[in-house]
Amino acid sequence: PRGPRGGAAPRPRTLRAERPRPPPLWSRLGDVGRFRRVKLFEGLNDGDIQELARVARLHRYDQGQNILHRDDVGEDFFVVHSGRVACRVGAGTDDVVLGPGDHFGERALLYHDTRAADVIALDDKTRCWALDRFHFEAQLGPLAEALERNLRAHVLEAALGAHAAAYALAE
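Residues numbered from 1 in each chain as written. Predicted model: local features only at pLDDT ≥ 70, side-chain atom pairs only at ≥ 80, totals over all residues. Heavy atoms only, no water.

Attention shifts here to the overall build of the protein. Helix and strand counts for the protein come out as six helices and eight strands. For the protein, the succession of helices and strands along the chain, N to C, is α-α-β-β-β-β-β-β-α-β-β-α-α-α. Buried residues in the protein amount to 36% of all 171 residues. (Helix = DSSP H or I, 4+ residues; strand = E, 2+ residues; numbered from the N terminus. Buried < 20%, exposed > 50% of the residue type's maximum accessible area, 1.4 Å probe, protein only.)

Once that is clear, we can look at the pairing of strand E4 (residues 85-88). Here three bridges tie E4 to strand E5 (residues 96-98), and the two strands are oriented antiparallel to one another. What sits directly across from Cys87, in E5, is Val96. The sheet contact formed by E4 and strand E7 (residues 118-121) spans four bridges and is antiparallel. Paired with Arg88 across the strands is Asp118, a residue of E7. (Pairing = 2+ DSSP bridges.)

A word on the sheet that holds strand E3 (residues 76-82). Judged by pairing direction, the sheet is antiparallel, and its four strands sit side by side in the order E1-E8-E3-E6 without closing on themselves. Edge positions in the open sheet fall to strand E1 (57-61) and strand E6 (103-104), since each of these has one partner strand only. Pairing of E1 with strand E8 (residues 126-132), which is carried by five bridges, proceeds in the antiparallel orientation. Its bridge partner being in E8, Arg57 is matched across the sheet by Ala130. Those strands touched by helix H4 (residues 133-140) are E3 and E8, and its axis lies near 80° from that of E8. (Contact = heavy atoms within 4.5 Å. Axes fitted to C-alpha atoms, helices over the stretch in contact; angles between N-to-C directions.)

A few words now on H4. Since the α-helix turns once every 3.6 residues, residues separated by three or four places project in the same direction. For H4, the complete set of buried residues consists of Arg133, His135, Phe136, Gln139 and Leu140. Along the axis of H4, the buried positions cluster into a sector of 165°, meaning they face one direction only. (Arc of directions from axis to C-beta.)

Once that is clear, we can look at the packing of aromatic side chains. Per the counting criterion, the structure on display carries two aromatic pairs. Taking 5.1 Å as the distance between ring centres and 45° as the angle between the ring planes, the aromatic pair formed by Phe77 and Phe136 counts as tilted. On the criterion of sequence distance, the pair formed by Phe77 in strand E3 and Phe136 in helix H4 is long-range, its members being 59 residues apart. For the pair shown, Phe77 and Phe136 are each scored as buried. (Phe/Tyr/Trp six-rings, centres within 6.5 Å; stacked < 30°, edge-to-face > 60°.)

This is a description of form; function is not addressed.
Below, the structure is given as structure tokens:
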């Protein structure tokens, strides 16, 4: 077929499936600084911190939205970026409230177990970074001891309260 000017008709454009593109590096530089302030990551070098910022996914949650469900299979580790979350272990226990720089979800990954608590966003537009199991094990393997110590503190805090947990860990 001929086009309007006597030449060949233009080819129809074919739509390509668009792959999601990672955000440009300049937009992730703020995340590097925020990751540096996470106490758990203090033992990581600059290259490891940059890699964490590169592979972490930032998720947004509305107030009251479940982030994790107790007894689900655990495939991600989370660090609170902004807002607050409540970890609800069960009836008769107080919620453990976590804020920016705090982390959760490591127990299921460390022990290849299901989730031990429900985690719910307390604030509108709560944001959390997520690391999948592969990147968690690759990047945080050297920090396994610190993660386990912190996990014991969370468990004690949920059971005994913050002051008793600090005392018990000091012994």
